[in-house]
Structures are given as C-alpha cells and as structure tokens.
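Now for the letters of each chain:
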Amino acid sequence: QVQLVESGGGLVQPGGSLRLSCAASGRIFSINDMGWYRQAPGKQRELVAGISRSGSTNYADPVKGRFTISRDNDKNTVYLQLNSLKPEDTAVYYCNAGATMFRGGMTYYYWGEGTLVTVSS
C-alpha cells in the first residue's frame, strides 16, 4: 500500500503564492506519473498539472504560466508552486501518483486526502 500526504495549503491573498508538497511512502518500488488535481465547491475534480518520472510536464490552460510542477524522485515527492493566485484557484488540491510495488509489477494510482487552498482578500 502507498500513502500520499499533502501539505502547504492555506489562506492567501489574490496575487500571492503558495507551495504544495506531496510525499509518497509505503511499499514503493517506483513512482511513475505524479500529478495535482483540484476540486472547487460544486465542481468536478480537474487536472491541474502532471509530471512524468523523467520530468515531462503538462498543465491545464487556466494555470499555465502561473503554476509549476516539479518532483524529487529520491524523496518520492512532488511539488506544486502556485503563483499569481486568483480567487478562482480556491479549491481542495489533491495529489495523485502511479506506483509499482515491485519490478515488473502493475501500476496502481493513489490519492492523497487533499489540502485546501483559499484565495481571498
């Protein structure tokens, strides 16, 4: 089993910045794709940004140029730097990771419990 623990959420004013972290632990052989999703009140969960093990990234259009995803493979950790935050970025942010527990094993995807980001003056 793999556990994902997010941290770094909070209340920030419009235009401000936050850095989210998500650390994976447990029975891990390899972490493959990692990503951040968010869910605003009354809306469906949506992809914010993703990153492959080799570092290739992709972003949702609303966050391009403002958010940056990165990872530390040695620490099994993924980060999301949020800059120029807007009120519409308010949501619970969830970490997602695909992990294998042994060489040649299947990849299973896991979710963290989420961290709340509130952008308000």
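Residues numbered from 1 in each chain as written. Predicted model: local features only at pLDDT ≥ 70, side-chain atom pairs only at ≥ 80, totals over all residues. Heavy atoms only, no water.

## Observations regarding the pairing of strand 9 (residues 91-100)
Link 1 in the chain: Across the 10 residues that make up strand 9, a large majority, 9, are buried.
Link 2 in the chain: Bridge analysis of strand 4 (residues 30-39) against strand 9 gives 8 bridges, and the strand direction is antiparallel. When the sheet's bridge partners are listed, Met34 is paired in strand 9 with Ala97.
Link 3 in the chain: Sheet topology note: the strand 9/strand 11 (residues 115-119) ladder contains 3 bridges and is antiparallel. Of the residues in strand 11, the one forming a bridge with Ala91 is Val117.
Link 4 in the chain: Here strand 9 pairs with strand 10 (residues 108-111) via 4 bridges, running antiparallel. Within strand 10, the position partnered with Ala97 by the bridge is Tyr110. (Buried < 20%, exposed > 50% of the residue type's maximum accessible area, 1.4 Å probe, protein only. Helix = DSSP H or I, 4+ residues; strand = E, 2+ residues; numbered from the N terminus. Pairing = 2+ DSSP bridges.)

## A look at the sheet that holds strand 1 (residues 2-7)
Link 1 in the chain: In spatial order, the strands read 1-3-8-7; together these 4 strands make up an open sheet with antiparallel pairing. Bordering the open sheet on either side are strand 1 and strand 7 (67-72), each of which pairs with just one other strand. Averaged over all pairs of adjacent strands, the angle between strand axes in this sheet comes to 15°, irrespective of strand direction.
Link 2 in the chain: Here strand 7 pairs with strand 8 (residues 77-82) via 6 bridges, running antiparallel. Residue pairing in the sheet places Phe67 in a bridge with Leu82 of strand 8. (Axes fitted to C-alpha atoms, helices over the stretch in contact; angles between N-to-C directions.)

## Some points on the pairing of strand 5 (residues 46-51)
Link 1 in the chain: The pairing of strand 4 with strand 5 spans 5 bridges and is classified as antiparallel. By the bridge assignment, Met34 is partnered in strand 5 with Ile51.
Link 2 in the chain: Linking strand 4 to strand 5, which pair antiparallel, is a turn of 6 residues; within it Gly42 sits at a positive phi near 80°.
Link 3 in the chain: Where strand 5 lies against strand 6 (residues 57-59), 3 bridges are found, and the strand directions are antiparallel. Among the inter-strand pairings, Gly50 is bridged to a residue of strand 6, identified as Asn58.
Link 4 in the chain: Remark: 5 residues form the turn of the hairpin made by strand 5 and strand 6, two consecutive strands paired antiparallel; Gly55 in that turn has positive phi of roughly 105°.

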